[in-house]
Amino acid sequence: MAEVRTVVAKTRIAFEGIFSIKEVRDLIMDWIFAKAYVPIEAKAQQVVKKDSKFFDYRLAPYKKLSDYAKCVVKIVISASNCKDVVVTVAGKKRKMQEGKVLVVVEGLLETDYESKWEHPWLYAIRVIAEKYILSPFVSHHEKYVESETNQIISEIRSYFNLQKKM
């Protein structure tokens, strides 16, 4: 059974105003493909009501760091009370949304993801090996997960800061 360690706790990025849900999702997907992650989209939902829209995207891209560890960045995008608006940007009209959006990002390090050390006596050896032999490798992987997660968080915050200036 894989052991999952939370390296970066759930970070919430909230924004209220005019934004494009497509641009937010494209920004995240571009980052996923640029960093060579395997894109896993757990949920993609759009609910349209008479006067507003609701969006819910759940992504869990991962990247294998070694045969023993992989980096998983969980991203949840929830937008509520969205209304379509037409905005003129640089002389061009663009369809955007006005409402509230919440992006939650969490960085995880998953070890023994292929369950190779699942047998009871192998598990005991794994605990000892991880504590005394593999600890430098695991700490290196944790730093990598932290830097990757912080990078996507800063990119999302930058996008919303740009939207505030519009």
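Residues numbered from 1 in each chain as written. Predicted model: local features only at pLDDT ≥ 70, side-chain atom pairs only at ≥ 80, totals over all residues. Heavy atoms only, no water.

Enquirer: Whenever I open this one, the overall build of the protein confuses me. Can you help?
Expert: Secondary structure summary: the protein contains 3 helices and 6 strands in total. In the protein, the order of α-helices and β-strands from amino to carboxyl end is β-α-β-β-β-β-β-α-α. Rg of the C-alpha trace for the protein: 19 Å, well past the compact-globule value of 15 Å for 166 residues, more than 25% over. Taking all 166 residues of the protein together, 39% fall into the buried category. Once local pairs closer than 6 in sequence are excluded, the contacts in the protein between residues at least 24 apart make up 70%. Summed over its atoms, the accessible surface of the protein is roughly 9800 Å², and 56% of this surface lies on carbon and sulfur atoms. Counting 28 positive and 21 negative side-chain charges, the protein places the averaged centre of each group 6 Å from the other. (Helix = DSSP H or I, 4+ residues; strand = E, 2+ residues; numbered from the N terminus. Rg over C-alpha atoms; globule rule 2.2 N^0.38 Å. Buried < 20%, exposed > 50% of the residue type's maximum accessible area, 1.4 Å probe, protein only. Contact = heavy atoms within 4.5 Å. Areas by Shrake-Rupley, 256 points an atom, 1.4 Å probe, with all protein chains shown as cover. Lys, Arg positive; Asp, Glu negative; His and termini not counted. Charge placed at Lys NZ, Arg CZ, Asp CG, Glu CD.)

Enquirer: Help me understand the pairing of strand S6 (residues 92-111) in this model?
Expert: It is a general feature of regular strands that their side chains alternate between the two faces of the sheet. With 14 bridges connecting them, strand S1 (residues 3-19) and S6 associate as antiparallel partners. In the sheet register, Thr11 faces S6, and the bridge partner there is Val105. Examined bridge by bridge, strand S5 (residues 69-89) and S6 share 19 bridges and lie antiparallel to one another. Residue pairing for S6: Lys70 is matched across the bridge by Glu110. Hairpin remark: S5 followed by S6, antiparallel, with 2 residues in the connecting loop; positive phi at Ala90, about 55°. (Pairing = 2+ DSSP bridges.)

Enquirer: What is the right way to read helix H3 (residues 135-165) from this model?
Expert: Think of an α-helix as turning once every 3.6 residues; residues three or four places apart then point the same way. Look at H3: 45 Å from first C-alpha to last across 31 residues, which is about the 45 Å you get at 1.5 Å a residue. Turning to H3, its buried residues number three or more, namely Val138, His141, Val145, Glu148, Thr149, Ile152, Ile153, Ile156, Tyr159, Phe160 and Gln163. Considering only its buried residues, H3 is in contact with S1, helix H1 (21-34), S5, S6 and helix H2 (120-132). (Expected span 1.5 Å × (residues − 1).)

Enquirer: What is the right way to read the confidence of the model for the protein from this model?
Expert: For residues with low pLDDT, the predicted coordinates do not support detailed interpretation. Here the protein shows a mean pLDDT of 89. Residues at 70 or above account for 98%. Predicted confidence in the protein is weakest over H2, with a mean pLDDT of 76, and strongest over strand S4 (residues 62-64), with 95. (pLDDT = per-residue confidence, 0-100.)

Enquirer: What should I look at first to understand the nonpolar core in this one?
Expert: It is characteristic of soluble globular proteins that their nonpolar side chains tend to be buried jointly. Grouped together as the largest cluster of nonpolar side chains are 35 residues, with contacts concentrated most on Phe19, Ile28, Ile75, Ile77, Val103 and Phe160. Mapped onto this core, the elements with two or more residues apiece are S1, H1, strand S3 (53-59), S5, S6 and H3. At 9 residues, the largest contribution of residues to this core is made by S5. With near-sequence residues (within four places) excluded, Phe19 lies in contact with Ala79, Cys82, Met96, Gln97, Gly99, Lys100, Val101, Tyr159, Phe160 and Gln163. (Core = buried A, V, L, I, M, F, W, Y, C linked by side-chain atoms within 4.5 Å.)

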